[in-house]
Amino acid sequence: MSITVEKYGGTSVKDSARLKEIAARIAERKKENEDIVVIVSAPSGMTDSLIKRAKEISEVPKGREFDVLLSTGEQVSIALLAMALKEVGVKAISYTASQLGIVTCGNHNEARIQSVNTDLIREKIAEGYVIIVPGFQGVCEDGNITTLGRGGSDTSAVAIAAALGCKSVDIYTDVNGIYSANPQIIPGAIKHKEVSFSEMIELAGSGAKVLHTRSVELGAKYGIEIHLRSAFDWQEGTFVRSDEKVESAVIRGISGFGNLVRISYKSDKLRLSETVNTISKKGINIDLITHTMETNGGDEITCIVKEDYFEEAVEALNTISSPEDEILVEKGLAKVSVIGLGVRSKGIAASVFEILEKEGIEIHAVSCSEINISCIITEEDLNKAQNALHKKLIEEE
Ligand code: ADP
Ligand code: ASP
Ligand code: MG
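The following refers to the structure shown. On a predicted model such as this, the values are computed, not experimentally measured, just so you know.

Our next topic: the overall build of the chain. Counting its secondary structure elements, the chain contains 13 helices and 18 strands. The C-alpha radius of gyration of the chain comes to 22 Å, within 12% of the 21 Å expected for a compact globule of 397 residues. Overall size of the chain, expressed as C-alpha extent along the three principal axes, is 75 × 50 × 35 Å. The burial tally for the chain puts 52% of its 397 residues in the buried class. Taking contacts inside the chain between residues at least 6 apart in sequence as the whole, the part at least 24 apart equals 74%. As displayed, the chain has an accessible area near 18,500 Å², and 47% of this comes from carbon and sulfur atoms. Treating the 44 positive side-chain charges of the chain as one cloud and the 59 negative ones as another, the clouds have centres 5 Å apart.

Okay, structure coming up:
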């Protein structure tokens, strides 16, 4: 039995008109006896407004109750889509993550999926139902509701596809494919027919939120092709598939994101492992680390972290620092990245620095890998940097 797994993002289910359109399309395919599992996000803007409400009550909302709150957005969508399908004569049933058994670890607000029980899905599909599942939502072993982190519905979709043994998943959104940069910011961005898993992991991890990074990691792990496409024009979009199947491109895209903070820690008796461990143990991801040994003795470690976590990171460092150590914080930073399978070997780094320098953009830190050159710059330079790099390295090439 081959099952179609498809996911609709927030803008695709934002109001009744959109839900009715999706229901009509599913009804057409159901007539052909297709077995369909649908994963939906919260209506566009709902998760943001739930976070805003939480912040009115608690300065830094987190943990169990925050997940109980955030998971409700997706529940609105599953119920409404199931109702819309029934109205057009399709047997449909919605289930929460707890009812299905989408089991995650207990790391509230950033939980990772551990297993998906497909028994109920298979049973109801055999009875002719379309199954509607909330993205982003999970349940941990002690029965508490969890969420997967912002944008996590893509990961729910790929995990469910993997558990059902599917070879592909359709992810419907508000753009008609994956572009060489965010098309909402860079008007000259070029649509790709296909992108490799490795490139997409880097693009997403560097700010291209068109796919949740962990969804692409899961796609790569289980060999599930991701078709990213529009729920507005319904045309073919972009396929994310295994590296061997995709013709390599020197530069696949430019991405970036802001809200970063630099924490510089100077000490005479600093140990890199202890410093990084102290921050990581708090569950804080460090975006970039540099370590310099000063000629006059002492070391300096610079960590770039997301603004949401920097206070916690500084608190953690205070637990290991001495009064003579120095901890400096610089807010308002961003990261711009150039991604592609040949970026390091083709000497593109020098061009990246030259382009940014010509624009008068100061580079605060750099990291390079085989397929990613990233520069830390100020947030106010981010759009200018993305535009200049895209124009010189992609449009004019
Ligand atoms: P959904 O709610 O459907 O999950 P998202 O807002 O999470 O949608 O992701 C779609 C958005 O990703 C697009 O509207 C676009 O602004 C953004 N985006 C960022 N980088 C890219 C890119 N390289 N290609 C396409 N879209 C991109
Ligand atoms: N609703 C969640 C968010 O806005 C999850 C998702 O849309 O993927 O982050
Ligand atoms: Mg998304």
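So, next bit.
A word on the packing of aromatic side chains. For the coordinates displayed, the defined rule picks out three aromatic pairs. Seen from their ring centres, Y172 and W234 are 5.3 Å apart, and the 55 degrees between their planes marks the pair as tilted. Here the residue Y172 occupies a position in strand β9 (residues 168-173), and W234 occupies one in the loop between β11 (225-230) and β12 (238-241), the gap between them amounting to 62 residues. Of the two residues, Y172 and W234, both sit in the buried class. Here the guanidinium or amino end of K91 rests over the ring plane of Y129, the centre of that ring lying 4.7 Å away.

With respect to spatial proximity, 16 residues lie near ligand 1, and among them T173, D174, Y179, N182 and Q184 are the closest. K7 is positioned with one of its side-chain polar atoms (N or O) 3.1 Å from an oxygen atom of ligand 1. At 3.0 Å from a nitrogen atom of ligand 1 is found a main-chain nitrogen or oxygen belonging to Y179. For ligand 1, the accessible surface in isolation is 570 Å², of which the surrounding protein chains cover 88%.

Right, let's get into a nonpolar patch on the surface. A cluster of nonpolar residues, V76, L80 and M83, forms a patch on the protein surface that exposes about 240 Å² of accessible area. Mapped onto the elements of the fold, V76 is located in helix α4 (residues 72-87).

Time to look at the sheet that holds strand β7 (residues 137-140). Pairing is mixed across the open sheet formed by four strands, whose spatial order is β5-β4-β7-β8. If you trace the sheet from one side to the other, it starts and ends with β5 (113-116) and β8 (145-147), each paired once. The average angle at which neighbouring strand axes cross in this sheet is 45 degrees, direction not considered. The pairing of strand β4 (residues 102-104) with β5 spans three bridges and is classified as antiparallel. Directly across from T104, in β5, lies its bridge partner I113. Helix α7 (residues 153-163) contacts β4, β5 and β7 of the sheet and is inclined by roughly 45 degrees relative to β5.

Here we take up the pairing of β12. Burial of β12 is two-sided: the residues T238 and V240 facing one way and the residues F239 and R241 facing the other way are all buried. Inspection of the sheet shows strand β10 (residues 194-196) paired to β12 by three bridges, in the parallel sense. Each residue of the ladder has a partner; that of E194, found in β12, is F239. Where β11 lies against β12, three bridges are found, and the strand directions are antiparallel. Directly across from I226, in β12, lies its bridge partner V240.

In this section: the pattern of salt bridges. For the coordinates displayed, the defined rule picks out 21 salt bridges. E396 is the salt-bridge partner of K392, the closest N and O atoms lying 3.6 Å from each other. With relative accessibility at 42%, the residue K392 sits in the partly exposed group. A network of salt bridges, in which partner residues are shared, links E6, R29 and E34.

Once that is clear, we can look at helix α13 (residues 382-395). Given a rise of 1.5 Å per residue, 14 residues ought to cover 20 Å, and the 18 Å separating the end C-alpha atoms of α13 matches this to within 8%. For α13, the full list of buried residues reads L382, A385, Q386, A388, L389, H390, L393 and I394. Of the surrounding secondary structure, the elements contacted by the buried residues of α13 are β13 (253-267), β16 (326-339), α12 (348-358) and β18 (372-378).

Reading the values: rules and limits
Residues numbered from 1 in each chain as written. Chains lettered and ligands numbered in written order. Predicted model: local features only at pLDDT ≥ 70, side-chain atom pairs only at ≥ 80, totals over all residues. Heavy atoms only, no water. Helix = DSSP H or I, 4+ residues; strand = E, 2+ residues; numbered from the N terminus. Rg over C-alpha atoms; globule rule 2.2 N^0.38 Å. Buried < 20%, exposed > 50% of the residue type's maximum accessible area, 1.4 Å probe, protein only. Contact = heavy atoms within 4.5 Å. Areas by Shrake-Rupley, 256 points an atom, 1.4 Å probe, with all protein chains shown as cover. Lys, Arg positive; Asp, Glu negative; His and termini not counted. Charge placed at Lys NZ, Arg CZ, Asp CG, Glu CD. Phe/Tyr/Trp six-rings, centres within 6.5 Å; stacked < 30°, edge-to-face > 60°. Lys NZ or Arg CZ within 6 Å of the ring centre and 35° of its normal. Near = heavy atom within 4 Å. Polar contact = N/O pair within 3.5 Å; in protein donor to acceptor, adjacent residues only side chain to side chain. Patch = residues over 30% accessible without salt bridge, like charges linked within 9 Å, V, L, I, M, F, W, Y side chains within 5 Å. Salt bridge = Lys/Arg side-chain N within 4 Å of Asp/Glu carboxyl O. Pairing = 2+ DSSP bridges. Axes fitted to C-alpha atoms, helices over the stretch in contact; angles between N-to-C directions. Expected span 1.5 Å × (residues − 1).

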